[in-house]
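Residues per chain, in single letters:
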Amino acid sequence: MTQQTITVIPGDGIGPSIIDATIQVLDKAGCNFNYEFADAGLTALENHGELVPQETMDLIEKNKITLKGPLTTPVGEGFTSINVTLRKQFKLYANLRPVLSFKGTKARYDNIDILTVRENTQGMYSGAGQVVSDDGTQAEAMSIITREGAEKILTFAYETARKEGRKKVTAVHKANILKSTSGLFLKVAREVAARYPEIESTEMIVDNCCMQLVMNPEQFDVIVTTNLFGDILSDLCAGLVGGLGMAPGANIGEDCAIFEAVHGSAPDIAGKNLANPTSVILAALQMLEYLEMGDKAEKIRNALIDVIASGDRTTRDLGGTHGTTDFTEALLDRL
Ligand SMILES: NC(=O)c1ccc[n+]([C@@H]2O[C@H](COP(=O)([O-])OP(=O)(O)OC[C@H]3O[C@@H](n4cnc5c(N)ncnc54)[C@H](O)[C@@H]3O)[C@@H](O)[C@H]2O)c1
């Protein structure tokens, strides 16, 4: 079997430390990957004068599989978000963000298993048409949803539900107010739902969905929604299982995929050995499943479950007193 090469972007802030922890875990589990490292984000701006150098784009394109740390996009300096750029460039139309309860976390719930499937390239979040008038008194942005884009993400959500043996898909929208964009998404959601009679299909307005997620999250299985709503709802879902340290995300396109944590570069804890590496490790497990290496993913997941449940050397966000390196050691010991 040829050795799989993975493009690795360590990223900014806590990125390099949690990516390093993840690679140690993958290696210890015997994944036998070859890694090619690339810069993006503030690190790339400092080293190469641009946020996403062409070499990085070329490596993502060449290897097709990327494991990425969080990137800092400077705010309000005319920079387009790097993540949005990568998702558009590589047509990563589906963003899969699963959250699962782990025993031993400080989460409010212990029985959560929700997969948010977020459309990743369209809608308000894509940043299309952003302008501020010369006198600074008016700002505009454009939100575009296409039938093709909606159909693709909805079909992806149902196919994923079918593959994972999930029972219910909830389409989340705001079609009562955003009648054109959310209206089209909902219309297509109803059409796609009709093709999957074996899966229960429900729909929910996004504001009610937020309240329902906090009050009664057990009712959700798969949530499928547009870009901006998916961005916000998936952080809410992370909060249900113990916070952003527990939430991974996979960005999937036709032939390219980027795996990352849901969270950002956490500048408040960067360089302090405090970050919980679980989100990126869980993203690496999504990568292993994508590569049909489910046995390795299972092995690492079991080790994670054991470390977190026992509280052995866990990080502060999990209720422990240890740092990234001790937590990683605990995991390596299990493996
Ligand atoms: N995918 C990405 O690359 C991505 C995603 C979101 C934000 N960002 C960027 O990250 C930067 C910081 O954003 P922010 O502060 O709003 O959000 P953040 O997700 O970086 O942090 C939010 C809070 O969660 C905590 N946190 C995050 N990850 C953690 C972990 N692994 N372990 C323990 N605690 C953790 C942080 O300490 C902070 O208190 C911004 O520049 C933003 O653009 C990048």
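Residues numbered from 1 in each chain as written. Predicted model: local features only at pLDDT ≥ 70, side-chain atom pairs only at ≥ 80, totals over all residues.

Topic: the site of the ligand
Turning to step 1, where the next piece is worked out: What surrounds the ligand is a group of 20 residues, the closest being Pro70, Gly245, His263, Gly264 and Asn276.
Turning to step 2, where the next piece is worked out: Class assignment of the residues belonging to the shell around the ligand gives a composition of eight nonpolar, nine polar and three charged. (Near = placed C-beta within 6 Å. Nonpolar A, V, L, I, M, F, W, Y, C, P; charged D, E, K, R; others polar.)

Thoughts on the environment of Pro74
Turning to step 1, where the next piece is worked out: Note that Pro74 resides in the loop between strand E3 (65–68) and helix H4 (82–89).
Turning to step 2, where the next piece is worked out: Judged by the 11 C-beta atoms lying within 10 Å of it, Pro74 is exposed.
Turning to step 3, where the next piece is worked out: Distance in space between the C-alpha atoms of Pro74 and Ala189 is 36 Å, their sequence separation being 115 residues. (Helix = DSSP H or I, 4+ residues; strand = E, 2+ residues; numbered from the N terminus. Buried ≥ 20, exposed ≤ 12 C-beta atoms within 10 Å, placed from the backbone.)

Let's talk about the sheet that holds strand E2 (residues 34–37)
Turning to step 1, where the next piece is worked out: The strand order E2-E1-E3-E12-E11-E4-E5-E10-E8-E9 describes an open sheet built from 10 strands, whose pairing is mixed. With one partner strand each, in any of the chains shown, E2 and strand E9 (200–205) form the two edges of the open sheet. Direction aside, neighbouring strands of the sheet carry axes that sit 25° apart on average.
Turning to step 2, where the next piece is worked out: Taken together, the four bridges between E3 and strand E12 (residues 257–261) define a ladder with parallel strand orientation. Of the residues in E12, the one forming a bridge with Leu67 is Phe259.
Turning to step 3, where the next piece is worked out: Against the sheet, helix H5 (residues 147–163) contacts strand E4 (94–100), strand E5 (113–119), strand E8 (168–173) and strand E10 (222–225), and its axis sits at roughly 160° relative to E5. (Pairing = 2+ DSSP bridges. Axes fitted to C-alpha atoms, helices over the stretch in contact; angles between N-to-C directions. Contact = placed C-beta atoms within 7 Å.)

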